[in-house]
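What follows is each chain in one-letter form.
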Amino acid sequence: MSSWACAETPTTAAVMAARWVRSAAADDALGRHWAANPDPQGRSAKAGHPSSLYSGAAGIVLFFLELAAATGHEAYLDDAGAGARYLAATWPDQADLTLYHGLSGAVFAMSEVAWATDDERIGEAARAAADQIVRSVRQLGDGIGWTGDPAQRGDGGIVLALLHAAGILGVPVYEEVAVEAGERIASLAVPGHRFGGDSCADLPVDAVTPGFLSGTAGTAFLLARLYGVTGDERFLSAARRGADFVRTVSVVTDKCAVVPHHVPQGRSLHYLGFCSGSAGVARMFYELHRVTGDPGDLDWVERLAHGIVQSGVPQRHTSGYWNVACQCCGSAGLLEFFIGLWAATGSETYLQYARSIGQDLIGRATAHDQTGYRWYQAYRRLRPWEVTADTGYMVGAAGIGSALLHLDAADLAAAPRRMILLPDNPFPAIPLPARLLGDGS
(Lines give C-alpha, C1' and ligand atoms only; values in the text may rest on other atoms or scores of the structure.)
Protein backbone atom coordinates (compact mmCIF):
# COMPACT_ATOMS: atom_id res chain seq x y z
CA MET A 1 0.00 0.00 0.00
CA SER A 2 1.29 3.49 -0.84
CA SER A 3 2.19 5.53 2.23
CA TRP A 4 -0.07 8.39 1.10
CA ALA A 5 -3.07 6.09 1.36
CA CYS A 6 -2.67 4.88 4.94
CA ALA A 7 -6.00 5.53 6.62
CA GLU A 8 -6.11 7.02 10.12
CA THR A 9 -9.69 6.10 10.98
CA PRO A 10 -12.27 3.57 9.81
CA THR A 11 -14.25 6.40 8.20
CA THR A 12 -11.19 7.55 6.26
CA ALA A 13 -10.81 3.99 4.99
CA ALA A 14 -14.49 3.92 4.02
CA VAL A 15 -14.04 7.17 2.10
CA MET A 16 -11.11 5.58 0.27
CA ALA A 17 -13.27 2.57 -0.55
CA ALA A 18 -15.96 4.91 -1.89
CA ARG A 19 -13.40 6.54 -4.17
CA TRP A 20 -12.71 3.19 -5.82
CA VAL A 21 -16.40 2.27 -6.01
CA ARG A 22 -17.10 5.63 -7.62
CA SER A 23 -14.51 4.87 -10.29
CA ALA A 24 -16.76 1.94 -11.30
CA ALA A 25 -19.87 4.10 -11.84
CA ALA A 26 -21.75 3.99 -15.12
CA ASP A 27 -24.53 6.53 -15.76
CA ASP A 28 -27.21 6.17 -18.38
CA ALA A 29 -30.82 7.20 -18.91
CA LEU A 30 -31.94 4.75 -16.24
CA GLY A 31 -29.69 6.05 -13.48
CA ARG A 32 -26.40 4.80 -12.02
CA HIS A 33 -24.97 1.34 -11.57
CA TRP A 34 -21.47 0.11 -10.89
CA ALA A 35 -19.10 -2.35 -12.55
CA ALA A 36 -18.08 -5.30 -10.38
CA ASN A 37 -14.41 -4.36 -10.80
CA PRO A 38 -13.31 -1.19 -12.64
CA ASP A 39 -9.60 -2.05 -12.65
CA PRO A 40 -8.10 -2.39 -16.14
CA GLN A 41 -8.48 -6.10 -16.92
CA GLY A 42 -9.76 -6.45 -13.36
CA ARG A 43 -11.47 -9.67 -12.35
CA SER A 44 -14.45 -10.02 -10.04
CA ALA A 45 -16.04 -12.91 -8.18
CA LYS A 46 -19.04 -12.65 -10.56
CA ALA A 47 -21.24 -13.39 -7.60
CA GLY A 48 -24.60 -12.00 -8.62
CA HIS A 49 -26.88 -9.72 -10.62
CA PRO A 50 -25.64 -6.12 -11.25
CA SER A 51 -28.70 -4.78 -9.39
CA SER A 52 -28.53 -7.12 -6.41
CA LEU A 53 -28.05 -6.45 -2.74
CA TYR A 54 -25.38 -9.13 -2.67
CA SER A 55 -22.99 -7.75 -5.26
CA GLY A 56 -24.68 -4.99 -7.25
CA ALA A 57 -26.35 -1.59 -7.18
CA ALA A 58 -28.73 -2.18 -4.26
CA GLY A 59 -25.91 -2.92 -1.83
CA ILE A 60 -23.75 -0.05 -3.07
CA VAL A 61 -26.67 2.34 -2.61
CA LEU A 62 -26.77 1.37 1.09
CA PHE A 63 -23.06 2.07 1.46
CA PHE A 64 -23.37 5.58 0.01
CA LEU A 65 -26.38 6.29 2.23
CA GLU A 66 -24.34 5.41 5.30
CA LEU A 67 -21.30 7.35 4.11
CA ALA A 68 -23.46 10.46 3.65
CA ALA A 69 -24.72 10.12 7.23
CA ALA A 70 -21.21 9.53 8.60
CA THR A 71 -19.49 12.41 6.78
CA GLY A 72 -22.29 14.90 6.16
CA HIS A 73 -21.29 15.15 2.50
CA GLU A 74 -24.33 15.54 0.23
CA ALA A 75 -22.39 14.17 -2.75
CA TYR A 76 -22.64 10.67 -1.31
CA LEU A 77 -26.40 11.11 -0.94
CA ASP A 78 -26.46 12.01 -4.62
CA ASP A 79 -24.65 8.74 -5.39
CA ALA A 80 -27.25 6.81 -3.41
CA GLY A 81 -30.12 8.63 -5.10
CA ALA A 82 -28.73 7.98 -8.58
CA GLY A 83 -28.41 4.29 -7.76
CA ALA A 84 -31.93 4.20 -6.33
CA ARG A 85 -33.29 5.74 -9.53
CA TYR A 86 -31.61 2.94 -11.47
CA LEU A 87 -33.28 0.38 -9.21
CA ALA A 88 -36.62 2.14 -9.61
CA ALA A 89 -36.30 2.03 -13.40
CA THR A 90 -35.09 -1.57 -13.68
CA TRP A 91 -36.92 -3.49 -10.97
CA PRO A 92 -39.64 -4.79 -13.38
CA ASP A 93 -36.88 -6.74 -15.16
CA GLN A 94 -35.99 -8.69 -11.99
CA ALA A 95 -37.23 -12.27 -12.25
CA ASP A 96 -35.45 -13.34 -9.05
CA LEU A 97 -37.51 -12.26 -6.01
CA THR A 98 -35.05 -13.10 -3.23
CA LEU A 99 -33.41 -10.75 -0.72
CA TYR A 100 -29.73 -11.07 -1.50
CA HIS A 101 -29.88 -11.73 -5.23
CA GLY A 102 -33.19 -10.29 -6.39
CA LEU A 103 -36.12 -7.94 -6.12
CA SER A 104 -36.55 -8.04 -2.33
CA GLY A 105 -33.08 -6.54 -1.96
CA ALA A 106 -33.98 -3.73 -4.35
CA VAL A 107 -37.13 -3.04 -2.28
CA PHE A 108 -35.01 -2.81 0.87
CA ALA A 109 -32.50 -0.41 -0.70
CA MET A 110 -35.17 1.83 -2.28
CA SER A 111 -37.12 1.93 0.98
CA GLU A 112 -34.04 3.08 2.89
CA VAL A 113 -33.33 5.81 0.32
CA ALA A 114 -36.94 7.00 0.41
CA TRP A 115 -36.82 7.10 4.23
CA ALA A 116 -33.52 9.02 4.28
CA THR A 117 -34.29 11.49 1.48
CA ASP A 118 -38.09 11.77 1.57
CA ASP A 119 -38.07 11.06 -2.18
CA GLU A 120 -41.62 9.91 -2.77
CA ARG A 121 -40.85 8.68 -6.30
CA ILE A 122 -38.39 6.18 -4.90
CA GLY A 123 -40.88 5.26 -2.19
CA GLU A 124 -43.58 4.61 -4.78
CA ALA A 125 -41.18 2.42 -6.76
CA ALA A 126 -40.40 0.45 -3.61
CA ARG A 127 -44.11 -0.09 -2.97
CA ALA A 128 -44.73 -1.12 -6.58
CA ALA A 129 -41.88 -3.65 -6.41
CA ALA A 130 -43.12 -5.00 -3.06
CA ASP A 131 -46.61 -5.27 -4.52
CA GLN A 132 -45.16 -7.39 -7.33
CA ILE A 133 -43.58 -9.73 -4.76
CA VAL A 134 -46.95 -10.11 -3.03
CA ARG A 135 -48.69 -10.78 -6.35
CA SER A 136 -46.11 -13.44 -7.20
CA VAL A 137 -46.83 -15.62 -4.17
CA ARG A 138 -48.06 -19.10 -5.07
CA GLN A 139 -49.55 -22.13 -3.43
CA LEU A 140 -46.94 -24.57 -2.11
CA GLY A 141 -48.54 -27.61 -0.55
CA ASP A 142 -50.55 -26.51 2.47
CA GLY A 143 -49.19 -22.96 2.42
CA ILE A 144 -47.84 -20.18 0.26
CA GLY A 145 -44.38 -19.12 -0.83
CA TRP A 146 -42.23 -18.19 -3.78
CA THR A 147 -39.18 -20.40 -4.30
CA GLY A 148 -39.97 -23.37 -2.08
CA ASP A 149 -36.62 -22.87 -0.31
CA PRO A 150 -37.23 -21.92 3.36
CA ALA A 151 -33.72 -20.58 3.89
CA GLN A 152 -32.57 -16.95 3.86
CA ARG A 153 -31.43 -17.30 0.25
CA GLY A 154 -35.01 -18.23 -0.69
CA ASP A 155 -38.40 -17.60 0.89
CA GLY A 156 -36.91 -16.78 4.28
CA GLY A 157 -35.19 -13.68 2.94
CA ILE A 158 -38.32 -12.59 1.06
CA VAL A 159 -40.39 -12.85 4.26
CA LEU A 160 -37.85 -10.72 6.16
CA ALA A 161 -37.86 -8.12 3.39
CA LEU A 162 -41.67 -7.91 3.46
CA LEU A 163 -41.68 -7.47 7.25
CA HIS A 164 -39.24 -4.58 6.87
CA ALA A 165 -41.24 -3.08 4.00
CA ALA A 166 -44.49 -3.26 5.97
CA GLY A 167 -43.03 -0.98 8.62
CA ILE A 168 -40.93 1.45 6.63
CA LEU A 169 -43.42 1.80 3.76
CA GLY A 170 -46.55 1.64 5.89
CA VAL A 171 -48.32 -1.21 4.07
CA PRO A 172 -49.75 -3.76 6.58
CA VAL A 173 -50.63 -6.33 3.90
CA TYR A 174 -46.93 -7.03 3.38
CA GLU A 175 -46.72 -8.30 6.95
CA GLU A 176 -49.88 -10.37 6.52
CA VAL A 177 -48.44 -12.18 3.49
CA ALA A 178 -45.07 -12.60 5.23
CA VAL A 179 -46.67 -14.21 8.25
CA GLU A 180 -48.77 -16.57 6.11
CA ALA A 181 -45.69 -17.63 4.15
CA GLY A 182 -43.88 -18.13 7.44
CA GLU A 183 -46.59 -20.53 8.63
CA ARG A 184 -45.65 -22.98 5.88
CA ILE A 185 -41.98 -22.78 6.88
CA ALA A 186 -42.89 -23.31 10.54
CA SER A 187 -44.67 -26.55 9.64
CA LEU A 188 -41.42 -28.22 8.51
CA ALA A 189 -40.03 -30.92 10.80
CA VAL A 190 -36.63 -29.18 11.05
CA PRO A 191 -37.04 -25.75 9.43
CA GLY A 192 -34.33 -24.74 7.01
CA HIS A 193 -32.96 -28.20 6.24
CA ARG A 194 -31.53 -28.12 2.75
CA PHE A 195 -29.60 -30.91 1.13
CA GLY A 196 -26.68 -30.89 -1.29
CA GLY A 197 -26.79 -31.92 -4.93
CA ASP A 198 -29.31 -29.84 -6.86
CA SER A 199 -29.62 -27.16 -4.17
CA CYS A 200 -25.83 -26.80 -3.75
CA ALA A 201 -23.64 -28.35 -6.39
CA ASP A 202 -20.50 -28.21 -4.22
CA LEU A 203 -22.00 -30.49 -1.54
CA PRO A 204 -22.80 -34.22 -1.46
CA VAL A 205 -26.45 -35.00 -2.18
CA ASP A 206 -27.11 -36.06 1.42
CA ALA A 207 -25.37 -33.11 3.07
CA VAL A 208 -27.33 -30.85 5.44
CA THR A 209 -26.23 -27.28 6.13
CA PRO A 210 -26.83 -25.82 9.61
CA GLY A 211 -25.52 -22.36 8.65
CA PHE A 212 -27.25 -19.03 8.18
CA LEU A 213 -27.64 -17.95 4.57
CA SER A 214 -28.61 -21.34 3.14
CA GLY A 215 -29.26 -23.47 6.20
CA THR A 216 -31.11 -24.21 9.39
CA ALA A 217 -29.86 -21.30 11.52
CA GLY A 218 -31.10 -18.65 9.12
CA THR A 219 -34.55 -20.18 8.94
CA ALA A 220 -34.74 -20.49 12.71
CA PHE A 221 -33.81 -16.80 12.89
CA LEU A 222 -36.74 -15.96 10.61
CA LEU A 223 -39.14 -17.99 12.74
CA ALA A 224 -37.92 -16.30 15.92
CA ARG A 225 -38.50 -12.93 14.22
CA LEU A 226 -42.04 -13.99 13.29
CA TYR A 227 -42.66 -15.03 16.88
CA GLY A 228 -41.56 -11.57 17.99
CA VAL A 229 -43.94 -9.98 15.48
CA THR A 230 -46.98 -12.16 16.16
CA GLY A 231 -46.55 -13.82 19.56
CA ASP A 232 -47.66 -17.08 17.89
CA GLU A 233 -46.12 -20.01 19.78
CA ARG A 234 -46.00 -22.09 16.59
CA PHE A 235 -43.19 -19.89 15.32
CA LEU A 236 -41.23 -20.13 18.54
CA SER A 237 -41.62 -23.92 18.66
CA ALA A 238 -40.33 -24.22 15.09
CA ALA A 239 -37.44 -21.85 15.79
CA ARG A 240 -36.49 -23.99 18.79
CA ARG A 241 -36.48 -27.13 16.62
CA GLY A 242 -34.00 -25.46 14.29
CA ALA A 243 -31.86 -24.17 17.15
CA ASP A 244 -31.81 -27.58 18.80
CA PHE A 245 -30.50 -29.15 15.60
CA VAL A 246 -27.72 -26.55 15.37
CA ARG A 247 -26.76 -27.19 19.01
CA THR A 248 -26.73 -30.94 18.43
CA VAL A 249 -24.29 -30.85 15.51
CA SER A 250 -22.00 -28.14 16.95
CA VAL A 251 -18.64 -28.80 18.60
CA VAL A 252 -18.57 -27.42 22.15
CA THR A 253 -15.44 -27.15 24.29
CA ASP A 254 -15.38 -25.30 27.60
CA LYS A 255 -17.02 -21.92 26.79
CA CYS A 256 -16.49 -22.11 23.02
CA ALA A 257 -18.62 -23.47 20.19
CA VAL A 258 -18.11 -23.89 16.45
CA VAL A 259 -20.59 -25.06 13.82
CA PRO A 260 -19.83 -27.52 11.00
CA HIS A 261 -20.25 -26.25 7.46
CA HIS A 262 -22.30 -29.32 6.60
CA VAL A 263 -23.09 -32.72 8.05
CA PRO A 264 -22.30 -35.52 8.08
CA GLN A 265 -19.30 -35.10 5.78
CA GLY A 266 -18.03 -31.64 6.84
CA ARG A 267 -18.08 -31.91 10.61
CA SER A 268 -14.46 -30.74 10.89
CA LEU A 269 -14.89 -27.75 8.54
CA HIS A 270 -15.89 -24.77 10.66
CA TYR A 271 -16.64 -21.54 8.83
CA LEU A 272 -16.40 -18.45 11.05
CA GLY A 273 -18.12 -15.82 8.92
CA PHE A 274 -21.71 -14.79 8.22
CA CYS A 275 -22.94 -17.06 5.43
CA SER A 276 -22.21 -20.52 6.87
CA GLY A 277 -20.30 -19.94 10.09
CA SER A 278 -20.32 -18.76 13.68
CA ALA A 279 -21.03 -15.07 13.03
CA GLY A 280 -24.23 -15.91 11.16
CA VAL A 281 -25.41 -18.69 13.44
CA ALA A 282 -24.97 -16.38 16.42
CA ARG A 283 -27.57 -14.04 14.90
CA MET A 284 -30.14 -16.79 15.25
CA PHE A 285 -29.38 -17.35 18.92
CA TYR A 286 -29.38 -13.62 19.63
CA GLU A 287 -32.76 -13.18 17.94
CA LEU A 288 -34.14 -15.96 20.13
CA HIS A 289 -32.72 -14.22 23.19
CA ARG A 290 -34.13 -10.88 22.02
CA VAL A 291 -37.70 -12.16 21.67
CA THR A 292 -37.77 -14.54 24.65
CA GLY A 293 -35.20 -13.20 27.12
CA ASP A 294 -33.79 -16.71 27.59
CA PRO A 295 -30.22 -16.37 28.96
CA GLY A 296 -29.34 -19.76 27.48
CA ASP A 297 -29.60 -18.30 23.98
CA LEU A 298 -27.28 -15.42 24.85
CA ASP A 299 -24.86 -17.96 26.31
CA TRP A 300 -24.71 -19.64 22.91
CA VAL A 301 -24.08 -16.30 21.18
CA GLU A 302 -21.11 -15.75 23.46
CA ARG A 303 -19.86 -19.32 23.05
CA LEU A 304 -19.77 -18.80 19.29
CA ALA A 305 -17.99 -15.46 19.76
CA HIS A 306 -15.40 -17.07 22.03
CA GLY A 307 -14.86 -19.79 19.44
CA ILE A 308 -14.00 -17.13 16.87
CA VAL A 309 -11.61 -15.38 19.24
CA GLN A 310 -9.90 -18.61 20.26
CA SER A 311 -9.31 -19.54 16.61
CA GLY A 312 -6.71 -16.77 16.38
CA VAL A 313 -8.32 -14.80 13.57
CA PRO A 314 -7.82 -12.33 11.98
CA GLN A 315 -4.07 -12.88 12.24
CA ARG A 316 -4.36 -16.64 11.77
CA HIS A 317 -6.07 -18.19 8.77
CA THR A 318 -7.99 -21.43 9.24
CA SER A 319 -9.83 -23.80 6.92
CA GLY A 320 -13.01 -21.80 7.62
CA TYR A 321 -11.39 -18.36 7.52
CA TRP A 322 -9.15 -18.11 4.52
CA ASN A 323 -7.98 -15.21 2.35
CA VAL A 324 -11.35 -13.47 2.40
CA ALA A 325 -12.29 -9.98 3.61
CA CYS A 326 -15.93 -9.54 2.61
CA GLN A 327 -19.21 -9.39 4.54
CA CYS A 328 -20.39 -12.80 3.34
CA CYS A 329 -17.70 -15.13 4.61
CA GLY A 330 -14.82 -12.94 5.76
CA SER A 331 -13.49 -10.27 8.07
CA ALA A 332 -16.18 -7.64 7.47
CA GLY A 333 -18.87 -10.10 8.56
CA LEU A 334 -16.94 -10.78 11.77
CA LEU A 335 -16.59 -7.05 12.32
CA GLU A 336 -20.36 -6.58 12.06
CA PHE A 337 -20.91 -9.40 14.56
CA PHE A 338 -18.57 -8.10 17.25
CA ILE A 339 -19.83 -4.52 16.95
CA GLY A 340 -23.37 -5.82 17.36
CA LEU A 341 -22.44 -8.04 20.29
CA TRP A 342 -20.77 -5.12 22.05
CA ALA A 343 -23.90 -3.01 21.55
CA ALA A 344 -26.03 -5.86 22.88
CA THR A 345 -23.95 -6.68 25.95
CA GLY A 346 -21.81 -3.64 26.70
CA SER A 347 -18.71 -5.85 26.99
CA GLU A 348 -15.67 -3.75 26.10
CA THR A 349 -13.81 -6.94 25.18
CA TYR A 350 -16.00 -7.35 22.11
CA LEU A 351 -15.43 -3.79 20.96
CA GLN A 352 -11.69 -4.17 21.39
CA TYR A 353 -11.77 -7.31 19.27
CA ALA A 354 -13.84 -5.49 16.65
CA ARG A 355 -11.17 -2.80 16.54
CA SER A 356 -8.48 -5.42 15.91
CA ILE A 357 -10.50 -6.81 13.00
CA GLY A 358 -10.98 -3.28 11.64
CA GLN A 359 -7.26 -2.56 11.82
CA ASP A 360 -6.54 -5.80 10.01
CA LEU A 361 -9.05 -4.95 7.27
CA ILE A 362 -7.57 -1.50 6.73
CA GLY A 363 -4.10 -2.99 6.59
CA ARG A 364 -5.18 -5.45 3.90
CA ALA A 365 -6.55 -2.76 1.59
CA THR A 366 -4.84 -2.12 -1.74
CA ALA A 367 -4.48 1.37 -3.23
CA HIS A 368 -1.60 0.99 -5.65
CA ASP A 369 -2.98 3.29 -8.38
CA GLN A 370 -4.41 6.12 -6.24
CA THR A 371 -8.03 5.36 -7.20
CA GLY A 372 -8.99 4.25 -3.70
CA TYR A 373 -9.21 1.15 -1.56
CA ARG A 374 -10.17 -2.28 -2.78
CA TRP A 375 -9.70 -5.70 -1.22
CA TYR A 376 -8.30 -8.62 -3.19
CA GLN A 377 -9.46 -11.97 -1.86
CA ALA A 378 -10.11 -15.61 -2.72
CA TYR A 379 -13.91 -15.34 -2.50
CA ARG A 380 -14.43 -19.02 -3.33
CA ARG A 381 -12.68 -21.17 -0.74
CA LEU A 382 -12.38 -24.14 -3.07
CA ARG A 383 -10.59 -22.02 -5.71
CA PRO A 384 -7.87 -20.20 -3.75
CA TRP A 385 -6.04 -19.28 -6.94
CA GLU A 386 -8.94 -17.04 -8.04
CA VAL A 387 -7.96 -13.78 -6.34
CA THR A 388 -10.34 -10.97 -7.26
CA ALA A 389 -11.69 -7.61 -6.08
CA ASP A 390 -15.31 -6.43 -6.11
CA THR A 391 -17.25 -3.24 -5.50
CA GLY A 392 -20.37 -4.89 -4.06
CA TYR A 393 -21.81 -5.11 -0.55
CA MET A 394 -21.59 -8.77 0.47
CA VAL A 395 -18.54 -9.52 -1.66
CA GLY A 396 -16.50 -6.33 -1.79
CA ALA A 397 -15.55 -2.78 -0.96
CA ALA A 398 -19.05 -1.37 -0.34
CA GLY A 399 -19.81 -3.87 2.41
CA ILE A 400 -16.34 -3.60 3.92
CA GLY A 401 -16.69 0.20 3.92
CA SER A 402 -20.08 -0.09 5.64
CA ALA A 403 -18.66 -2.37 8.33
CA LEU A 404 -15.85 0.13 8.95
CA LEU A 405 -18.42 2.94 9.26
CA HIS A 406 -20.24 0.84 11.86
CA LEU A 407 -16.98 0.49 13.79
CA ASP A 408 -16.49 4.25 13.72
CA ALA A 409 -20.09 4.75 14.88
CA ALA A 410 -19.43 2.47 17.84
CA ASP A 411 -16.53 4.70 18.88
CA LEU A 412 -18.67 7.86 18.83
CA ALA A 413 -20.78 7.50 21.95
CA ALA A 414 -21.21 11.28 22.21
CA ALA A 415 -22.90 11.48 18.81
CA PRO A 416 -24.69 8.17 18.10
CA ARG A 417 -26.19 7.63 14.67
CA ARG A 418 -28.44 5.00 13.14
CA MET A 419 -26.74 2.31 11.11
CA ILE A 420 -28.40 0.59 8.17
CA LEU A 421 -28.61 -3.07 9.13
CA LEU A 422 -29.96 -5.72 6.78
CA PRO A 423 -33.26 -7.37 7.81
CA ASP A 424 -31.44 -10.45 9.12
CA ASN A 425 -29.24 -8.49 11.55
CA PRO A 426 -30.81 -8.61 15.05
CA PHE A 427 -28.35 -6.31 16.83
CA PRO A 428 -29.06 -2.68 17.84
CA ALA A 429 -29.24 -0.25 14.91
CA ILE A 430 -27.71 2.44 17.11
CA PRO A 431 -24.41 0.90 18.25
CA LEU A 432 -24.50 1.84 21.92
CA PRO A 433 -25.04 -0.43 24.91
CA ALA A 434 -28.29 0.25 26.76
CA ARG A 435 -26.39 1.38 29.84
CA LEU A 436 -24.82 4.27 27.90
CA LEU A 437 -28.17 5.33 26.48
CA GLY A 438 -29.59 5.18 29.99
CA ASP A 439 -26.84 7.48 31.23
CA GLY A 440 -27.82 10.08 28.64
CA SER A 441 -24.48 9.71 26.88
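What counts, and at which threshold
Residues numbered from 1 in each chain as written. Predicted model: local features only at pLDDT ≥ 70, side-chain atom pairs only at ≥ 80, totals over all residues. Heavy atoms only, no water. 1 Å grid on protein atoms, 1.4 Å probe; cavity = no way out; pocket = protein on both sides within 12 Å on 5 of 7 lines; lining within 4 Å. Points joined across faces, edges and corners; volume = space filled by probe spheres on them. Helix = DSSP H or I, 4+ residues; strand = E, 2+ residues; numbered from the N terminus. Nonpolar A, V, L, I, M, F, W, Y, C, P; charged D, E, K, R; others polar. Expected span 1.5 Å × (residues − 1). Buried < 20%, exposed > 50% of the residue type's maximum accessible area, 1.4 Å probe, protein only. Contact = heavy atoms within 4.5 Å. Axes fitted to C-alpha atoms, helices over the stretch in contact; angles between N-to-C directions. Parallel < 35°, antiparallel > 145°, perpendicular 65-115°, else oblique. Left-handed = near helix turned anticlockwise from the far one by under 90°. Core = buried A, V, L, I, M, F, W, Y, C linked by side-chain atoms within 4.5 Å. Salt bridge = Lys/Arg side-chain N within 4 Å of Asp/Glu carboxyl O.

K.L.:
Tell me about the layout of surface pockets, residues and numbers included.
P.N.:
Of the voids in this model, the second largest pocket is the one considered here, and its volume is about 300 Å³. What lines the second largest pocket is a set of 13 residues, among which His164, Arg225, Leu421, Leu422 and Pro423 lie closest to the centre. It is helix α6 (residues 155-169) that provides the largest number of residues to the lining of the second largest pocket, a total of three residues. Here the lining of the second largest pocket is built from residues that sort into eight nonpolar, two polar and three charged.

K.L.:
I'd like to hear about helix α3 (residues 74-90), residue by residue, with values.
P.N.:
With 17 residues, α3 should cover 24 Å at 1.5 Å per step; its first-to-last C-alpha distance of 25 Å lies within 8% of that length. Among all positions of α3, only Tyr76, Asp79, Ala80, Gly81, Ala82, Gly83, Ala84, Tyr86, Leu87 and Thr90 are buried. Looking at the buried residues of α3, the elements they touch are α1 (10-22), β2 (31-34), α2 (57-71), α4 (103-117) and α5 (120-135).

K.L.:
Quick rundown of the packing of α2 against helix α14 (residues 397-410)? Include the residues and the values.
P.N.:
Where α2 meets α14, the axes come as close as 9 Å, and the angle between the chain directions of the two elements is 30°. As the angle between them shows, α2 and α14 are arranged roughly parallel. Read as a crossing pair, α2 and α14 show a hand that is left-handed. Along the contact surface, α2 presents Ile60, Phe63, Glu66, Leu67 and Ala70, while α14 presents Ala398, Gly401, Ser402, Leu405 and His406. Its residues assigned to classes, the contact of α2 with α14 comprises six nonpolar, three polar and one charged.

K.L.:
Can you lay out the nonpolar core for me, pointing to particular residues and giving the numbers?
P.N.:
Judged by nonpolar contacts, the single largest core of 150 residues is most densely connected at Met284, Phe337 and Trp375. For this core, the element with the most residues is α2, which contributes 10 residues.

K.L.:
Describe the pattern of salt bridges, and please don't skip the residues or the numbers.
P.N.:
Pairing between side chains of opposite charge can happen when the charged atoms of each approach one another. In the structure shown here, the tally under the stated rule is 25 salt bridges. For the salt bridge of Glu112 with Arg418, the shortest nitrogen-to-oxygen distance reads 3.1 Å. Of this pair, Glu112 sits in helix α4 while Arg418 sits in the loop between α14 and α15 (434-438), and the two are 306 residues apart along the sequence. For Glu112, a relative accessible area of 2% gives the class buried. Arg418 gets classed as partly exposed once you look at its relative accessible area, which sits at 36%. Here the residues in one salt-bridge network are Arg240, Asp244, Arg247, Asp294 and Asp297, joined through shared partners.

No statement about biological role is implied by the geometric values presented.
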